[in-house]
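Next come the chains, spelled out residue by residue.
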Amino acid sequence: MRISEDGKVEFTDAQREPLSQAKVRRLREADPEAINRALEQAVAAINADLDACLGVHLSTPCPRFVPLPPPVPPGREPHAPIAREIGFWDRLLFRRAGIERANALDTEHYKVRLSEWRGRVREHAAESARLETLNARLREGMQDVMEEILANRLQDIAWAKETHVAFDFGDDSGTLALDLDLPTIDEMPHRTAAMPARGHNLRMSKRGEAQRRRDFIRLVTGSCFRVAGEAFACLPTVSEMTVSGFTQRIDPATGMKGDVYVISVRI
C-alpha cells in the first residue's frame, strides 16, 4: 500500500505494479479488517508529527524532587551444583570417568557464575554509594552536581522538532535560567489525515496559517512547561527559574534572519 501526498491510496503486487480495480475489490472483500488496520496505521503515522508537537508537555514529571533511583539489584547468589554420586553400576560399566568429568565441568561453570555475581554485587554497592552521594549533594545545592544531573535529564527529552536547551544558575543554587532554541514556525506540520468515509483514499486536511500559528504557540508553551517540570523534578534547591525561548525569524529592518525571543516566563 502506497499513499501519495494528497492521501490517495494505491495497492501494488510484490513487483510494485499497481493492482487492477477488480483485484482491489476482491482484496477488500476478502479481508476488509486488514485494509482498515493498514489505513489506521497510515493515519497515525501521518498525524504522529503533529501529535508529538502538540503533546510535548504530556510527559512532564511532577515538579517535586525525586531522588536518583538505586541501581537494579544483582539478583540471587547462584546455587552450587549437586555432584552426581558414582554408584556400583557406574563403576561396573566404566561410567565413573564420565561422571567425574561432568561434575568437574559443573563446578567450573558454577565458579564462573559465582565470580560474575560477586562482580555485580561490587558494582551494585559502588553505584548505590555513588547515587547516595549525588542525592546528598543535590540536596546541599552543589552546582557542579546540579549541572551534571540537569544536563543528563534534558538530553533524555525526545523533542518533536530539533530543540536545544542552555541553562545557567544564579548567584546561588535557588535560581535557574533556561534558554530554549526553538524550531521555526515553518517546521510545524501542515497537514493531517483522517479515515475515509467511503472507499480507501485518506481524507487529507491542510492546516491554515492561523492554525499553524496556534500550533506553534502550543509547541512553544509546552516546551517551556516541559523543561521547567524536568528541572524542578531533579533539582531540590531550585525554587525559582526563568524559562525563555527564541526562534529564527526575518528581521524586517535588515531582511536578515536572526534569533528572536518569543517567550519568557518566571516560575
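Coordinates for the structure precede this section.
Right, let's walk through the structure included here. Quick caveat, the model's predicted, so the values are computed rather than measured.

## Re the pattern of salt bridges
In the structure shown here, the tally under the stated rule is eight salt bridges. A salt bridge links Lys161 to Asp49, with the nearest nitrogen and oxygen atoms 2.9 Å apart. Residue Lys161 is found in the loop between helix H5 (143–155) and strand S3 (164–169), and its partner Asp49 is found in helix H2 (residues 32–54); the two are separated by 112 residues along the sequence. On the basis of relative accessible area, Lys161 is assigned to the buried category, the value being 17%. Of the charged contacts in the structure, one is a salt bridge between Arg130 and Glu127, with a shortest N-O distance of 2.9 Å. Of this pair, Arg130 and Glu127 are both found in helix H4 (residues 96–140), three residues apart, which corresponds to roughly one turn of the helix. Three or more residues are tied together by salt bridges with common partners; here these are Arg153, Arg226 and Glu230.

## Notes on the nonpolar core
Judged by nonpolar contacts, the single largest core of 31 residues is most densely connected at Leu176, Leu235, Val238, Met241 and Val243. Of all elements in the fold, only H4, H5, strand S4 (175–181), helix H6 (209–234) and strand S7 (240–250) reach the threshold of two or more residues within this core. Broken down by element, the residue count for this core peaks at nine residues, all from H6. In this view, Val238 contacts Met146, Phe169, Ser173, Gly174, Leu176 and Phe232; residues no more than four positions away in its chain are not counted. Among the nonpolar cores identified, the runner-up in size contains 10 residues, and Ala42, Val43, Ile46 and Ala193 belong to it.

## So, the packing of H4 against H5
Put simply, H4 and H5 touch, their axes get as near as 8 Å, and they point 110 degrees apart. Between H4 and H5, the angle falls in the class roughly perpendicular. Classified by chirality, the crossing of H5 by H4 is left-handed. Listed contacts from H5 to Leu134, Arg137 and Leu138 of H4 are Val145, Met146 and Ile149. Partitioning the contact of H4 with H5 into residue classes produces five nonpolar, no polar and one charged.

## Some points on the pairing of S7
One ladder, built from seven bridges, connects S4 with S7; its direction is parallel. From the neighbouring strand, Leu180 faces S7, where its bridge partner is Gly245. Here S7 runs beside strand S8 (residues 257–266); their pairing, made up of nine bridges, is antiparallel. Looking at the pairing, Gly245 lines up with Ile263 of S8. If you look at the hairpin formed by S7 and S8, you'll find six residues sitting between the two strands, and Gly255 has a positive phi there, around 75 degrees.

## Remarks on the state of the cysteines
The full count for this structure, using the stated rule, is zero disulfides. Its sulfur unpaired, Cys53 is 15 Å from the next cysteine sulfur, which belongs to Cys224. Cys234 provides the cysteine sulfur closest to Cys62, a residue in no disulfide bond, and the two sulfurs are 13 Å apart.

## Overview of the side chain of Asn103
Structurally, the position occupied by Asn103 is in helix H4. Since its relative accessible area comes to 17%, Asn103 is described here as buried. Excluding residues within four positions of it along the chain, Asn103 makes contact with Ala83 and Arg84.

## Some remarks on unusual backbone geometry
For Arg16, which is not glycine, the phi torsion reads 65 degrees and is therefore positive. You can see Arg16 is positioned in the loop between strand S2 (9–10) and helix H1 (21–30).

## So, the sheet that holds S3
The sheet built from four strands is open, its strands ordered S3-S4-S7-S8 with mixed pairing. Only two strands of the sheet have a single partner each, and these edge strands are S3 and S8. Adjacent strand axes in the sheet meet at a mean angle of 20 degrees, parallel and antiparallel pairs treated alike. The strands touched by H6 are S3, S4, S7 and S8; relative to S7, the strand with the most contacts, the crossing angle is about 145 degrees.

## Remarks on the packing of aromatic side chains
Tallied over the full model, the rule gives two aromatic pairs. Between Phe167 and Phe169, the ring centres sit 6.1 Å apart and the planes meet at 80 degrees, which makes this aromatic pair edge-to-face. Phe167 gets classed as partly exposed once you look at its relative accessible area, which sits at 24%. For Phe169, a relative accessible area of 6% puts it in the buried group. Ring plane angle 55 degrees and centroid distance 5.2 Å describe the contact between Phe246 and Tyr261, whose orientation is recorded as tilted.

Cut-offs used in this document
- Residues numbered from 1 in each chain as written.
- Predicted model: local features only at pLDDT ≥ 70, side-chain atom pairs only at ≥ 80, totals over all residues.
- Heavy atoms only, no water.
- Salt bridge = Lys/Arg side-chain N within 4 Å of Asp/Glu carboxyl O.
- Helix = DSSP H or I, 4+ residues; strand = E, 2+ residues; numbered from the N terminus.
- Buried < 20%, exposed > 50% of the residue type's maximum accessible area, 1.4 Å probe, protein only.
- Core = buried A, V, L, I, M, F, W, Y, C linked by side-chain atoms within 4.5 Å.
- Contact = heavy atoms within 4.5 Å.
- Axes fitted to C-alpha atoms, helices over the stretch in contact; angles between N-to-C directions.
- Parallel < 35°, antiparallel > 145°, perpendicular 65-115°, else oblique.
- Left-handed = near helix turned anticlockwise from the far one by under 90°.
- Nonpolar A, V, L, I, M, F, W, Y, C, P; charged D, E, K, R; others polar.
- Pairing = 2+ DSSP bridges.
- Disulfide = S-S within 2.5 Å.
- Phe/Tyr/Trp six-rings, centres within 6.5 Å; stacked < 30°, edge-to-face > 60°.

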